[in-house]
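Observations on the three-dimensional arrangement
Here is what each chain is made of, one letter per residue.
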Amino acid sequence: MKSFLYQALPMRVVFGAGALAQLPREVEALGARRALVLSTPEPEASARRVAALLGERAAGVFPQAVMHVPIETARAARAEALRVGADCAIAVGGGSTTGLGKAIALESALPIVAVPTTYAGSEMTPIYGLTEAGVKKTGRDPKVLPRSVIYDPELTRTLPWRLTVTSGMNAIAHAAEGLYAHDGSPIIALMAEEGIRATAAAMPRLGADPLDLEARGEALYGAWLCGAVLGAVAMGLHHKLCHTLGGTFNLPHAEVHGVVLPHALAYNAPGAPDAMSRVARALGAPSAARGAYDLAQRHGAPVSLKAIGMPVDGLDRAADLAVQNAYPNPRPLERAAIRDLLQRAYDGARPD
Ligand code: NAD
């Protein structure tokens with residue numbers, strides 16, 4: 001067995017249908033008395049329901065989270081937290097809302113309770129992102145890791161079908177890259193393989209009935225494990241490409257992951273045969289790349305960058321950016337081969 005170093009992150013998870021009812025207890029356990037509830041604008045009603053659940057421990061609702069945490073939104077949320085005298089924040093939503101909570105915590109060390117409603121996995125990571133003047137910068141800080149996470153599958157029943165699939169692909173991408181991460185370990189590999197298996201297995205069940213609570217639970221369980229992998233190890237080419245494509249060309253986060261993953265796996269396959277066997281096994285497919293492609297296509301997720309708004313004349317620049325800074329990846333970063341990968345992703349070609 002290879003040598004490894006494993007550093008566990010503090011993690012408190014309350015999981016189960018109806019688990020949201022435990023929120024007041026989680027807030028109380030933090031010793032908090034004035035919680036600011038964060039959400040995106042659309043599910044403001046559910047944020048208000050959450051505030052009602054907290055009763056007099058709710059200090060207010062800030063329903064203005066948007067994708068990629070613009071610095072202006074972060075500043076407005078920090079000011080609101082100060083104004084209402086918040087001593088904790090509750091992030092009810094997907095990665096954008098959790099990201100806003102992290103932006104507050106980064107400056108104030110306010111404890112965050114996350115209530116994830118997508119499969120993005122941000123709640124399990126100490127990674128934050130802030131966008132200033134159109135440039136998204138990310139960093140790691142243990143301060144931003146939520147103190148408690150409530151996974152309630154009931155809250156994911158409203159997730160639109162396309163986001164269900166693409167967000168599931170986003171989760172699978174974390175785990176797949178975790179399987180070949182240079183700083184991986186056997187425990188991370190266990191979580192990753194099980195995370196992929198559970199997320200992928202839930203998709204056909206949800207395709208048959210998106211309200212199936214058991215299947216929603218299985219997908220959210222998978223997303224938890226995949227998020228924990230993302231929080232523990234360094235990501236490679238796939239995440240780098242998605243970060244570039246999302247940030248530079250403003251493409252939707254989860255959809256980019258779904259489109260790029262099969263091609264990134266095909267690229268990395270020669271450098272990580274064991275990881276690819278595990279991904280394939282978890283997907284129940286003959287190969288990792290094909291398994292990922294077929295999972296997305298079979299469930300109606302977009303499979304080409306063209307379909308999600310990528311300009312064809314941006315492919316060269318994306319390839320340049322992907323090789324600009326060195327980072328660990330199982331296969332060396334070769335500009336021409338990455339340009340070819342991007343073309344295949346643009347065209348939506350099925351991996352060989
Ligand atoms: P999101 O949070 O932007 O949500 C997408 C849309 O879905 C929003 O309109 C939201 O209101 C809606 N939505 C969310 N949950 C819903 C539900 N249950 N029912 C109905 N509608 C719902 O999308 P996301 O993919 O979860 O997050 C993307 C963002 O998170 C990106 O900015 C990405 O960079 C970041 N992210 C960060 C990390 C990290 O570790 N820091 C990890 C993953 C993603």
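Residues numbered from 1 in each chain as written. Predicted model: local features only at pLDDT ≥ 70, side-chain atom pairs only at ≥ 80, totals over all residues. Heavy atoms only, no water.

A few words now on the pattern of salt bridges. Enumeration over the complete set of coordinates arrives at 18 salt bridges. Linking glutamate 80 and arginine 83 is a salt bridge whose minimum nitrogen-to-oxygen distance equals 3.0 Å. Within this pair, glutamate 80 and its partner arginine 83 are both found in helix 3 (residues 71-83), separated by three residues, close to a single helical turn. Owing to a relative accessible area of 64%, arginine 83 belongs among the exposed residues under this scheme. (Salt bridge = Lys/Arg side-chain N within 4 Å of Asp/Glu carboxyl O. Helix = DSSP H or I, 4+ residues; strand = E, 2+ residues; numbered from the N terminus. Buried < 20%, exposed > 50% of the residue type's maximum accessible area, 1.4 Å probe, protein only.)

Its identity is not glycine, yet histidine 68 carries a phi of approximately 70 degrees, on the positive side. Within the secondary structure, histidine 68 sits in the loop between strand 3 (58-62) and helix 3. For asparagine 250, which is not glycine, the phi torsion reads 55 degrees and is therefore positive. Residue position: asparagine 250 is located in the loop between helix 8 (237-249) and helix 9 (253-268).

With that out of the way, let us pick up the packing of aromatic side chains. Tallied over the entire structure, the rule returns three aromatic pairs. Summarising the aromatic geometry, the rings of phenylalanine 15 and tyrosine 151 are spaced 5.8 Å apart at their centres and angled 40 degrees between planes, so their arrangement reads as tilted. Of this pair, phenylalanine 15 sits in strand 1 (residues 13-15) while tyrosine 151 sits in strand 8 (residues 148-151), placing them 136 residues apart in sequence. Classification of phenylalanine 15 as partly exposed rests on a relative accessible area of 36%. On the basis of relative accessibility, which here comes to 0%, the residue tyrosine 151 falls in the buried class. With 6.5 Å between their ring centres and 45 degrees between their planes, tyrosine 151 and tryptophan 224 make a pair best called tilted. (Phe/Tyr/Trp six-rings, centres within 6.5 Å; stacked < 30°, edge-to-face > 60°.)

The angle between the axes and the distance between the axes are what describe a pair of packed helices. Between helix 5 (residues 161-179) and helix 9, whose axes approach to 8 Å, the crossing angle comes to 40 degrees. Comparing the axis directions of helix 5 and helix 9 gives the class oblique. For the crossing formed where helix 5 meets helix 9, the hand is left-handed. Each of Arg162, Leu163, Thr166, Ser167, Met169, Asn170, Ile172, Ala173, Ala176 and Glu177 in helix 5 lies in contact with helix 9, whose residues at this interface are His253, Ala254, Glu255, His257, Gly258, Leu261, Leu265 and Asn268. For the contact of helix 5 with helix 9, the class distribution of residues is eight nonpolar, seven polar and three charged. (Axes fitted to C-alpha atoms, helices over the stretch in contact; angles between N-to-C directions. Parallel < 35°, antiparallel > 145°, perpendicular 65-115°, else oblique. Left-handed = near helix turned anticlockwise from the far one by under 90°. Contact = heavy atoms within 4.5 Å. Nonpolar A, V, L, I, M, F, W, Y, C, P; charged D, E, K, R; others polar.)

Domain annotation for the chain reports domain 1 (12-156) and domain 2 (161-347). On a C-alpha basis, the centroid separation for the pair domain 1 and domain 2 is 25 Å. Each side of the interface is counted separately: domain 1 has 20 residues, and domain 2 has 24 residues. Taken over both partners, the interface formed by domain 1 and domain 2 buries close to 1,900 Å², and the fraction arising from carbon and sulfur atoms is 69%. On inspection of domain 1 and its partner domain 2, the count reaches zero salt bridges. Taken together, domain 1 and domain 2 are joined by five residue pairs in polar contact (both at pLDDT 80 or more). Residue assignment for the side of domain 1 that touches domain 2 shows that the elements contributing at least two residues are strand 1 and strand 7 (135-140). Per-element tally for the side of domain 1 that touches domain 2: the top contributor is strand 7, with three residues. Its residues placed into classes, the side of domain 1 that touches domain 2 shows 11 nonpolar, five polar and four charged. (Domains from an automatic or database assignment. Buried area = accessible area lost by both parts, 1.4 Å probe. Polar contact = N/O pair within 3.5 Å; in protein donor to acceptor, adjacent residues only side chain to side chain.)

With that out of the way, let us pick up helix 5. An α-helical segment advances 3.6 residues per turn. Residues three or four places apart therefore align on the same side. The end-to-end C-alpha distance of helix 5, which contains 19 residues, comes to 27 Å, matching closely the 27 Å that a straight helix rising 1.5 Å per residue would cover. Counting buried residues in helix 5 gives 16 out of 19 residues, a clear majority hidden from the surface. (Expected span 1.5 Å × (residues − 1).)

With that settled, the discussion passes to the environment of valine 229. Assignment of secondary structure puts valine 229 in helix 7 (residues 213-232). A C-alpha to C-alpha distance of 25 Å links valine 229 and leucine 38, two positions 191 residues apart in sequence. Ignoring sequence-local partners within four residues, the contact set of valine 229 consists of His174, Ala175, Gly178, Ile188, Met191, Ala192 and Met235.

Across the sheet, six strands lie side by side as 1-8-5-4-2-3; this open sheet has parallel pairing. Because the sheet does not close on itself, it has two edges, and the strands there are strand 1 and strand 3. Taking the axes of each pair of neighbouring strands and ignoring which way they run, one obtains an average angle of 15 degrees across the sheet. In this structure, strand 4 (residues 88-93) lies alongside strand 5 (residues 112-116), joined through five bridges in parallel fashion. Looking at the pairing, glycine 93 lines up with proline 116 of strand 5. Strand contacts of helix 4 (residues 95-108): strand 2 (35-38), strand 3, strand 4 and strand 5, with the helix running at about 165 degrees to strand 4, the strand carrying the most contacts. (Pairing = 2+ DSSP bridges.)

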